[in-house]
Amino acid sequence: MAGKAAAPGTAVLLVTANVGSLFDDPENLQKNWLREFYQVVHAHRPHFLALHCQEFGGKNYEASMSHVDKFVRELLSSDAMTEYSRARVYLDEDYKSQEHFTALGSFYFLHESLKNISQFDFKAKKYKKVTGKEIYSDTLESTPMLEKEKFPQDYFPECKWSRKGFIRTRWCLADCAFDLVNIHLFHDASNLVAWETSPSVYSGIRHKALGYVLDRIIDQRFEKASYFVFGDFNFRLDSKSVVETLCTKATMQTVRAADTNEVVKLIFRESDNDRKVMLQLEKKLFDYFNQEVFRDDNGTALLEFDKELSVFKDRLYELDISFPPSYPYSEDSSQGRQYMNTRCPAWCDRVLMSPSAKELILRSESEEKVVTYDHIGPSVCMGDHKPVFLAFRMAPGAGKRCQRHEGTPGETSLQQEEPRPPTAASTGPPARHR
């Protein structure tokens, strides 16, 4: 906890949240979502807070614009966020541009006691001091404080209107440089196709896109830095293995379309017990009779089928997962723990890091909760995705030193003041850049 004077380093909180549901049903979902989010902020009291959102604005972005502005205003002016006197918000609102629109939103909040922080200008190739609160939206391509790309259409030709891509920012905190990458990878278009092969074709598409991002952020244009990549990776369990395990003693019935002979449904029945249906599988249906298997012991028994990250084992590190699959939860505000029967539950939302970023995280034998990797709102409806967070303390003097940067002396103290109880109100409305 940042409030303990003995705890060294800088408290950091990284949160990823696919928030599309919040804008499709704002009246029922946003208040609870924000309450749960603020509780996590209060519990960990970070000096530096990063919130990466995907599907910002929901499925019907144009109709949700008023909800978007209200949500942003609430985050920036809430009493719960009073101590965060500086903020940077990057919203991809250019929904009319099929070539560029990613629906990503990246929020960064800086505690009033945090003195030694600056942000990288990719055009000027130098760090700049962060002051005040600013919102950047519409055409982020012209904003020098970030890099943004949408994945090429040919990566996922099945989807005519994909919004998948990434936004990258770079920060210098406690004289240590690191990148933060907000990412949204491709989903599974069909449960039946995903089941046919192991690994699935969709897994291969995600592999290609993530590899592209990792190559991009370590290329020769800029000095290399540690990086954290957190977002909706859409990682899925290996469908074939999961189905075979869940339905070990079942018999399979194949249902085909009368006109095309195409497989449209698979029905798995118990061999005995009156031929009880265990699983029904369609393009957008994964209806398993016992959801508790995904919740018992946080779904630990299914982690062996979470294989997509293994391809990147030398490039990406993740703390042990001890929370249940983050998707797809019911969007019914009264069903906080229920999964929808559209997809097999999976750990889609993750916080990953480079091997060098792993070394930035301060571990303490005397404090078990110095590092926490968990989900938000376990019993509350947060939309179809539960947000996932990583809370840690960045060790003083860890990592690669930043280049000399504007507005900050070459030698600066690594000691942070501890967050204080809320005192003054927020410093006025943020500047909005379109």
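This is a predicted model, so every value here is computed, not measured.

The rules behind these values
- Throughout this document, residue positions are counted from 1 along each chain, in the order its sequence is written.
- Predicted model: local features are reported for residues with pLDDT of at least 70 only, side-chain atom pairs are reported and counted for 80 or more only, and whole-chain, interface and lining totals are derived from all residues.
- Computation of side-chain values: all heavy atoms of the structure, hydrogens and water removed.
- Here a strand is any run of E in DSSP of at least two residues, a helix any run of H or I of at least four, and the numbering for each starts at the N terminus.
- The cut-offs for exposure are 20% and 50% of the maximum accessible area for each residue type, with area from a 1.4 Å probe on protein chains only; residues under the lower value are buried, those over the upper are exposed, and the others partly exposed.
- Any pair of N or O atoms that falls within 3.5 Å is considered a polar contact. Within protein, one atom must be able to donate a hydrogen and the other to accept it, and sequence-neighbouring residues count only if both atoms are side-chain atoms.
- One speaks of a salt bridge when a side-chain nitrogen belonging to Lys or Arg is within 4 Å of a carboxyl oxygen belonging to Asp or Glu.
- DSSP calls a pair of strands paired once it identifies at least 2 bridges connecting them.
- In this description, a line fitted to the C-alpha atoms serves as the axis of each element, helices being fitted only across the stretch in contact, and the angle between N-to-C directions of two axes falls anywhere from 0 to 180 degrees.
- A helix is expected to span 1.5 Å multiplied by its residue count minus one.
- By arc we mean the arc of the directions from the helix axis to the C-beta atoms, nothing more.
- For this analysis, residues touch if any pair of their heavy atoms sits within 4.5 Å.
- The pairing test for Phe, Tyr and Trp rings, Trp by its six-membered ring, is centres within 6.5 Å, and the orientation test on the planes gives stacked under 30 degrees, edge-to-face over 60, and tilted for anything in between.

Colleague: Would you explain the side chain of Ser 78 in this entry?
Modeller: Turning to its location among the elements, Ser 78 is positioned in the loop between helix 3 (65–77) and strand 3 (86–91). By relative accessible area, Ser 78 is classed as buried at 9%. At 3.0 Å, the side chain of Ser 78 and the backbone nitrogen of Ala 80 are in polar contact.

Colleague: Sorry, what's going on with the pattern of salt bridges here?
Modeller: Two side chains carrying opposite charge are able to pair once their charged atoms lie near each other. All told, the structure shown has 24 salt bridges when counted by the stated rule. A salt bridge links Lys 148 to Asp 92; the nearest nitrogen and oxygen atoms lie 3.2 Å apart. Placement of the pair is Lys 148 in strand 8 (residues 147–150) and Asp 92 in the loop between strand 3 and strand 4 (105–110), with a sequence separation of 56 residues. Comparing Lys 148 with Asp 92 shows no difference in burial state: the two are buried. A salt bridge links Asp 121 to Lys 128; the shortest N-O distance between them is 2.9 Å. Take Asp 121: its relative accessible area is 4%, and that puts it in the buried class.

Colleague: What is the right way to look at the sheet that holds strand 14 (residues 277–282) in this model?
Modeller: Paired through their backbone hydrogen bonds, the strands of a sheet run either parallel or antiparallel. Here we have 4 strands laid out as an open sheet, ordered 12-13-14-15, and antiparallel in their pairing. Each end of this open sheet is capped by a strand with a single partner; those strands are strand 12 (250–256) and strand 15 (285–288). Recorded for the sheet is a direction-independent mean angle of 15° between the axes of neighbouring strands. In the sheet, strand 12 pairs with strand 13 (residues 263–270) via 7 bridges, with the strands oriented antiparallel.

Colleague: Please explain helix 3 as it appears in this structure.
Modeller: Residues lying three or four places apart along an α-helix face the same way, a consequence of the helix completing one turn every 3.6 residues. Between the first and last C-alpha of helix 3 there are 18 Å, a value that for 13 residues agrees with the 18 Å anticipated at 1.5 Å per step. Three or more residues of helix 3 are buried, namely Val 68, Phe 71, Val 72, Leu 75 and Leu 76. Projected down its long axis, helix 3 shows its buried positions confined to an angular sector of 125°, all on one face. Structural note: helix 3 exposes Ser 66 and Arg 73 on the side pointing more than 90 degrees away from its buried face. Residues of helix 3 that are buried make contact with helix 1 (20–24), helix 2 (26–44), strand 2 (48–54), strand 3, strand 4 and strand 7 (133–136).

Colleague: Is there a simple way to think about the packing of aromatic side chains in this case?
Modeller: When we look at a pair of aromatic rings, we describe it by the centre distance and by the angle of the planes. With the rule as written, the count across this model stands at 32 aromatic pairs. Judged by centre distance (5.5 Å) and plane angle (20°), the rings of Trp 33 and Phe 37 are stacked. Placement of the pair is Trp 33 and Phe 37 together in helix 2, with a separation of 4 residues, close to one helical turn. A residue is classified by how much of its surface remains accessible, and Trp 33, at 1% relative accessible area, is buried.

So, to be careful, I would describe these as geometric facts and stop short of saying anything about function.
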